[in-house]
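Below, each chain spelled out in residue letters.
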Amino acid sequence: MADIYQEHILDHYSRPRNKGVIDSPDIYYKDSNPLCGDEIAMYAKLAKPGSDGGNSGNRSDSGGRSDDGGVMENRVIAKAGFIARGCAISQAAASMLTERVEGKSVEAVYAMSADDVLGMLMIPVSHARMKCAVLALKTLQAGIAVYFKTNKTRGA
Amino acid sequence: MDAGLKLLNAESLRADFPILRRKINGKPLIYLDNAATTQKPRQVIGAVRDYYENYNANVHRGIHRLSEEATDAYEAAHVKAAKFIGADFKEVIFTKNTTESINLLAYSLGLQLRKDDEILLSEMEHHSNLVPWQQIAKKVGAKVMYAKVSADGLIDMDDFSASISSRTRIISIAHVSNVLGTINPVREMAKIAHDNGSLFVVDAAQSVPHMPVDVRQIGCDFLAFSSHKMLGPTGIGVLYGRSELLDSMQPFIYGGDMIREVTFGDTRFNELPWKFEAGTPNISGAIGFGAAIDYLKNIGMESVFSHEQRLSRYASDRLLSEPEIKVYGPKERAGIVSFNMGSIHAHDVAAILDQEGIAIRGGHHCAMPLMSKLGISGSARASFYLYNTKDEVDSLVSSLGRVRKVFGGKG
Ligand SMILES: Cc1ncc(COP(=O)(O)O)c(C=O)c1O
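Residues numbered from 1 in each chain as written. Chains lettered and ligands numbered in written order. Predicted model: local features only at pLDDT ≥ 70, side-chain atom pairs only at ≥ 80, totals over all residues. Heavy atoms only, no water.

### Here's the deal with the pairing of strand β17 (residues 379–383) of chain B
Residue and element names in this part refer to chain B.
1) Next: In terms of burial, β17 is a largely internal element, five of the five residues being buried.
2) Next: In the sheet, strand β14 (residues 336–341) pairs with β17 via four bridges, with the strands oriented antiparallel. If you follow Phe 339 over to β17, its bridge partner there is Ala 380.
3) Next: Bridge count for strand β16 (residues 361–363) against β17 is three bridges, and the pairing is antiparallel. Opposite Arg 361, over in β17, you have Arg 381 as the bridge partner. (Buried < 20%, exposed > 50% of the residue type's maximum accessible area, 1.4 Å probe, protein only. Helix = DSSP H or I, 4+ residues; strand = E, 2+ residues; numbered from the N terminus. Pairing = 2+ DSSP bridges.)

See the structure below:
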């Protein structure tokens, strides 16, 4: 049977990237996984409108909205962070996700799916552990939904 | 130990459980999640099969041969369940499980409560014995109180007594904690409850399957348990109630089989216990449950209890001799051992043990308030039954070495 505790997972678990609070974040959400009682808070800071967040290489997959939108659209995540208590899968997924979303537009991150998370983790995740794997993404997306709502520019 | 106590031979009993021959990841299954549900012996599986193959029919209705046989077997299961806990036939109601039994009480008794009446529970209750009371209390404006659990995993009896007032109508407590294995002094509690004029309910989901339980000896008013946690099928459970109380209570589910006479204007309910069993019941489940009770009786509940106590004492001693393992709960406990390994999450412990063919539970065990009281988000839990052996405990402990290896310094 394939092992879910592969080196890259354990590496992100024991040396999490971007772990810590981000002050005055543009995007913030805190949630818990009722199955395990795990808790997570996701943070993101956006690049200034018009700038590319210093990472233009990733912009091509940014949800395909045209540039004639308002200044709130297609804003790019400059930095993401998290604090969490949970199992190795949920922690590693959070750590990897914060790296993955840097330089992506909020729309592109909002459109990410569970399959994208599986592709990122590169391990076989059982049905029972899917909730752990997607906890960070779901939480970040909930934060983005709040951001959309408060800025009311999306899909106008 | 009692002079007459038969020692249970787990090795030879294992032959009765087909599933124990299964391999998981090429390794023999070691099933240590018995507090969640138990495996079934061929006697139980056979009884269910026999019903479906030879006398499947509805009960209490037909005047034909099959229906008579099915009715006899269904009622025989009631007799067995009642005898098993020292109750009368009419005091045992079949439900779906412990959860439904407690919901029946919450609706039937709880809805009679008035504003500012009180319900007393403890901090170690399973969500099944907490959420129904909490929600009904909200509806009627009653208050739910929680007797404190001490650091060593016991209900603080001073706090228990101090939490009882003249407004306390119902007290509902787990006989055995599904997280800590604590055996609560329900007999003493029943007396305190009755001295105060309160009703006393026992959540016996983790006790009836594992030790001798007699409702008259405890002196409780109600007691609930599930067949699937005692070798029987899922979907069948028991609510015991003192007959005077059941007589005066309003049913919770209405329909067929629970009535004596129906006119367009009114209904006279059937006699006990059928008054509380509306609709076609889980007949095959009841028959399988009866076979499970026969199986346990044959072994003897004293023997089951002492076997599990030996295993859990051995397991906790071995776990405590390992580095960085914390075991929760009191020293004297039933066959349930909850623990954590350093800062490693219980899910990770369970997932790695699964690779070794060992099934344990990791998580909050449907007792989130207790977890937060213990200051943890979850624990790993090994829970034993009559077919578990010392060798299996040894495998558990040595496999924890693999967990430590995978997580390197984190253990
Ligand atoms: C103490 C306790 N109460 C109630 C229950 C609920 O049992 P069931 O799911 O069979 O209704 C359980 C089982 O998990 C339990 O351990």
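### Section: the confidence of the model for chain A
Residues and elements named next belong to chain A.
1) Next: On average, residues of chain A score 84 in pLDDT, and 79% of them reach the 70 mark or higher.
2) Next: Per-element averaging of pLDDT across chain A places strand β1 (residues 27–33) at the bottom with 92 and helix α3 (residues 106–110) at the top with 97.
3) Next: Of the regions scoring below 50 in pLDDT, residues 53–70 engages in 23 contacts with residues more than four places distant in sequence or in other chains. (pLDDT = per-residue confidence, 0-100. Contact = heavy atoms within 4.5 Å.)

### Details of the interface of chain B and chain A
1) Next: On the chain A side, the residues contacting the 15 residues of chain B number 19 residues.
2) Next: Along the contact surface separating chain B from chain A lie one salt bridge.
3) Next: Linking Asp348(B) and Arg129(A) is a salt bridge whose minimum nitrogen-to-oxygen distance equals 3.0 Å.
4) Next: Our count for the contact surface shared by chain B and chain A stands at five residue pairs in polar contact (both at pLDDT 80 or more).
5) Next: A total of five residues in the side of chain B that touches chain A trace back to one element, the largest contributor, which is helix α12 (residues 346–355) of chain B.
6) Next: By residue class, the composition of the side of chain B that touches chain A is six nonpolar, seven polar and two charged. (Salt bridge = Lys/Arg side-chain N within 4 Å of Asp/Glu carboxyl O. Polar contact = N/O pair within 3.5 Å; in protein donor to acceptor, adjacent residues only side chain to side chain. Nonpolar A, V, L, I, M, F, W, Y, C, P; charged D, E, K, R; others polar.)

### With respect to the site of the ligand
Residue and element names in this part refer to chain B.
1) Next: Around the ligand, the neighbouring residues are Asn 97, Thr 98, Thr 99, His 126, Ser 128, Asn 178, Asp 203, Ala 205, Gln 206, Ser 226, His 228 and Lys 229.
2) Next: Here a nitrogen atom of the ligand and a side-chain polar atom of Asp 203 are 2.6 Å apart.
3) Next: In this structure, His 228 approaches the ligand through a side-chain N or O atom, which is 2.7 Å from an oxygen atom.
4) Next: Starting from 390 Å² of accessible surface for the ligand in isolation, the protein chains cover 88%.
5) Next: Of the residues belonging to the shell around the ligand, the class tally is one nonpolar, nine polar and two charged. (Near = heavy atom within 4 Å. Areas by Shrake-Rupley, 256 points an atom, 1.4 Å probe, with all protein chains shown as cover.)

### A look at the domain arrangement of chain B
All names here are of chain B.
1) Next: Each assigned domain of chain B is listed with its residue range as follows: domain 1 (10–31 + 300–406) and domain 2 (45–298).
2) Next: Domain 1 and domain 2 are separated by 28 Å when their C-alpha centres are compared.
3) Next: Facing 33 residues of domain 1, the contacting portion of domain 2 comprises 34 residues.
4) Next: When the two sides are added together, the surface that domain 1 and domain 2 hide from each other amounts to roughly 2,500 Å², 66% of it contributed by carbon and sulfur.
5) Next: Area buried by domain 1 at its contact with domain 2 is led by Met 301, Leu 370 and Tyr 385, which between them contribute 24% of it.
6) Next: Here domain 1 and domain 2 share one salt bridge between them.
7) Next: Among the ionic pairs, Glu 123 bridges to Lys 373, the shortest N-O distance being 3.1 Å.
8) Next: Run the count over domain 1 and domain 2 and you get 13 residue pairs in polar contact (both at pLDDT 80 or more).
9) Next: Residue composition of the side of domain 1 that touches domain 2, by class: 21 nonpolar, six polar and six charged. (Domains from an automatic or database assignment. Buried area = accessible area lost by both parts, 1.4 Å probe.)

### Considerations on helix α10 (residues 283–299) of chain B
All names here are of chain B.
1) Next: Between its first and last C-alpha atoms α10 spans 25 Å; for 17 residues at 1.5 Å apiece the expected length is 24 Å, and the two agree.
2) Next: For α10, the tally of buried residues reaches 14 of 17 residues, placing the bulk of the element in the interior.
3) Next: Among the residues of α10, the N-terminal cap falls to Asn 282, whose side-chain oxygen and the backbone nitrogen of Gly 285 are separated by 2.8 Å.
4) Next: Once α10 ends, the next one or two residues include Gly 300, with phi positive near 100°. (Expected span 1.5 Å × (residues − 1).)

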